[in-house]
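# Summary of structural features
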Amino acid sequence: MRSLLIFTLVGVGAQLVDGALGMAFGVTATTLLVLSSVGAAQASAAVHLAEVGTTLASGLSHWRFKNIDWPLVAKLGVPGAIGAFLGATVLSSLSTEHAAPLMAAILMAIGVYVLLRFSLRTPLAIGGQGTRHGAKFLAPLGLFGGFIDASGGGGWGPVTTSTLLSRGKTAPRTVIGSVSASEFLVSVSASIGFLIGLRDEFFQNWPVVVGLMVGGVIAAPIAAWLVSRISPALLGTGVGGVIVLTNSQKLVHFFDIHWPWSTAIYTLIVVAWVSLVVYAWRASRAPKSLPAPVSAADSEVLPR
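Cut-off values and rules
- Residues numbered from 1 in each chain as written.
- Predicted model: local features only at pLDDT ≥ 70, side-chain atom pairs only at ≥ 80, totals over all residues.
- Heavy atoms only, no water.
- Helix = DSSP H or I, 4+ residues; strand = E, 2+ residues; numbered from the N terminus.
- Buried < 20%, exposed > 50% of the residue type's maximum accessible area, 1.4 Å probe, protein only.
- Contact = heavy atoms within 4.5 Å.
- Areas by Shrake-Rupley, 256 points an atom, 1.4 Å probe, with all protein chains shown as cover.
- Core = buried A, V, L, I, M, F, W, Y, C linked by side-chain atoms within 4.5 Å.
- Expected span 1.5 Å × (residues − 1).
- Patch = residues over 30% accessible without salt bridge, like charges linked within 9 Å, V, L, I, M, F, W, Y side chains within 5 Å.
- Salt bridge = Lys/Arg side-chain N within 4 Å of Asp/Glu carboxyl O.
- Axes fitted to C-alpha atoms, helices over the stretch in contact; angles between N-to-C directions.
- Parallel < 35°, antiparallel > 145°, perpendicular 65-115°, else oblique.
- Left-handed = near helix turned anticlockwise from the far one by under 90°.
- Nonpolar A, V, L, I, M, F, W, Y, C, P; charged D, E, K, R; others polar.
- Phe/Tyr/Trp six-rings, centres within 6.5 Å; stacked < 30°, edge-to-face > 60°.
- pLDDT = per-residue confidence, 0-100.

So, on to the overall build of the chain. Within the chain one finds 12 helices and zero strands. Listing each helix as α and each strand as β along the chain from the N terminus yields α-α-α-α-α-α-α-α-α-α-α-α. Among the 304 residues that make up the chain, the fraction classed as buried is 47%. Taking contacts inside the chain between residues at least 6 apart in sequence as the whole, the part at least 24 apart equals 83%. Summing over all exposed atoms, the chain offers an accessible surface of approximately 15400 Å²; the carbon and sulfur share of this is 70%.

Dropping the structure here:
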């Protein structure tokens, strides 16, 4: 019962992040599970099995509100499912000793991306809903995103959503809806890969799966409220820093780095993190630019 409560709280935390940022449920949940002594492969398997339910509900919701471009889902989701199966197979075949640092490295890389992406607030172009990407672009993106998502315990959203939005060829709501729908295929394929690779161990983590799903459902309305109260840039910067710091500790221990170098690494990360948080906080509080006032002379020539 105690473990179920802990995993439910993990699901709440991960859903709060995902609901506010539109990504990072997997990477946040996996990081928290690994910190609670769950094996790397077992953590990723539990997260993806829980995401089968959450992504199905999300996909149906987006379909209801007509936010899905089905050709985009097919071109992105099918390669993503293949990549996820391969990633799950690779992670399941590794020993715990080798899987932990690999996942820590992938999660840290994703954490750095999230940290920089939300703190620097790179502007995103907004395209039309009907503009579609070609299969030559979507297939490698889906294959890479699916592999990273399964082998690292998360990363489908940060890899695919951010890339598609930055291209500016599809409306943001269509990108988010289509990526969410395609993630269902990725989660199912990764779960099958872990089922084959882990066998009996796959069913030993049902408290983790149930806890994550229950926590996600509980936190969904809270996340909707949170996104209207806290700047996504500030929240994303904070979460990205936590992911980088926690996974850097595992890499430091794995490579047997001792004082004073370990302290220097942690200090550098914290200083950079705090600096980016302050930058994001100032940017979120900066007044929006106002239109230039119209002079009396200009107002005489304006159409009425």
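The subject of this paragraph is unusual backbone geometry. Following Trp259, the chain continues to Pro260 via a peptide bond in cis, the omega torsion being 10°. Among the secondary structure elements, Pro260 is positioned in the loop between α10 (232-254) and α11 (261-285). Of note in the backbone geometry, Lys66 takes a positive phi value of approximately 60° without being a glycine. Secondary-structure assignment places Lys66 in the loop between α3 (40-64) and α4 (70-93). Even without being a glycine, Asp256 presents a positive backbone phi close to 55°. For Asp256, the location among the structural elements is in the loop between α10 and α11.

Within the largest apolar cluster, 52 residues are counted, with the highest numbers of intra-cluster contacts made by Leu33, Leu76, Leu164, Phe194 and Leu212. Leu33 has contacts with Phe7, Val10, Val38, Ala43, Val47, Val208 and Leu212, leaving out every residue within four places of it along the chain. Counting six residues, the second largest nonpolar core, distinct from the first, contains Val244, Leu245, Ile269 and Trp273.

It is worth spelling out the side chain of Asn67 at this point. In this fold, Asn67 is placed in the loop between α3 and α4. Apart from residues no more than four positions distant in its own chain, Asn67 is found in contact with His62, Arg173, Thr174, Gly177 and Ser178.

Once that is clear, we can look at helix α8 (residues 172-198). A rise of 1.5 Å per residue sets the reference length of α8, with its 27 residues, at 39 Å; its end C-alpha atoms lie 37 Å apart and thus fit the reference within 8%. Phi turns positive, to about 55°, at Arg199, one or two residues after α8.

Let us now look at the environment of Phe254. For Phe254, the position within the fold is in helix α10. Residue classification places Phe254 among the partly exposed positions, given a relative accessible area of 41%. Excluding its chain neighbours within four sequence positions, the residues that come into contact with Phe254 are Glu97 and Pro101.

Next up on the list: a nonpolar patch on the surface. Where nonpolar side chains cluster on the molecular surface, the patch consists of Val78, Ile82, Phe85, Leu86, Val90, Leu94, Leu102, Leu143, Phe147, Leu185, Ile192 and Ile196 and spans about 920 Å² of accessible area. If you list the elements that add at least two residues to the nonpolar patch, you get α4, α6 (135-152) and α8. Looking at the nonpolar patch element by element, the count peaks at five residues for α4. For Ile196, the position within the fold is in helix α8.

What follows concerns the side chain of Thr161. Inspection of the secondary structure puts Thr161 in helix α7 (residues 156-167). In this structure Thr161 comes out as buried when scored by relative accessible area, which is 6%.

What follows is about the packing of helix α2 (residues 25-35) against helix α5 (residues 96-120). One way to put it is that α2 packs onto α5 with a least axis distance of 11 Å and a crossing angle of 140°. On the basis of their axis angle, the class for α2 and α5 is oblique. Along this stretch, α2 crosses α5, giving a crossing that reads as left-handed. Taking contact as the criterion, the partners of Val27, Thr30, Thr31 and Val34 in α2 are, on α5, Met103, Leu107 and Ile110. Of the residues belonging to the contact of α2 with α5, the class tally is five nonpolar, two polar and no charged.

Moving on, we get to the packing of α10 against α11. It is the contact of α10 with α11, at a shortest axis distance of 9 Å, that shows an interaxial angle of 175°. By the angle class used here, α10 and α11 are roughly antiparallel. When α10 is examined against α11, the residues Ala233, Leu234, Thr237, Gly238, Gly241, Val242, Val244, Leu245, Ser248, Gln249 and Val252 are found in contact with a partner set consisting of Ser262, Ile265, Tyr266, Ile269, Val270, Trp273, Leu276, Val277, Ala280 and Trp281. When grouped by side-chain class, the residues that make up the contact of α10 with α11 number 15 nonpolar, six polar and no charged.

This paragraph deals with the packing of aromatic side chains. A full pass over the atoms with the stated rule returns one aromatic pair. With centroids separated by 5.1 Å and ring planes inclined at 80°, the aromatic side chains of Phe254 and Phe255 adopt a geometry described as edge-to-face.

Looking now at the confidence of the model for the chain. As a general rule, the predicted coordinates of low-pLDDT regions are not to be interpreted in detail. Considering every residue of the chain, the mean pLDDT works out to 82; 85% of them sit at 70 or more. In the model of the chain, helix α12 (residues 296-299) stands out as the element of lowest mean pLDDT, 44, in contrast to α4, which has the highest, 94. Below a pLDDT of 50 lies the segment residues 123-127, which in the model reaches 11 contacts outside its immediate sequence neighbourhood of four places, other chains included. Every residue in residues 290-304 scores below 50 in pLDDT, and together they form three contacts with partners more than four places removed in sequence or on other chains.

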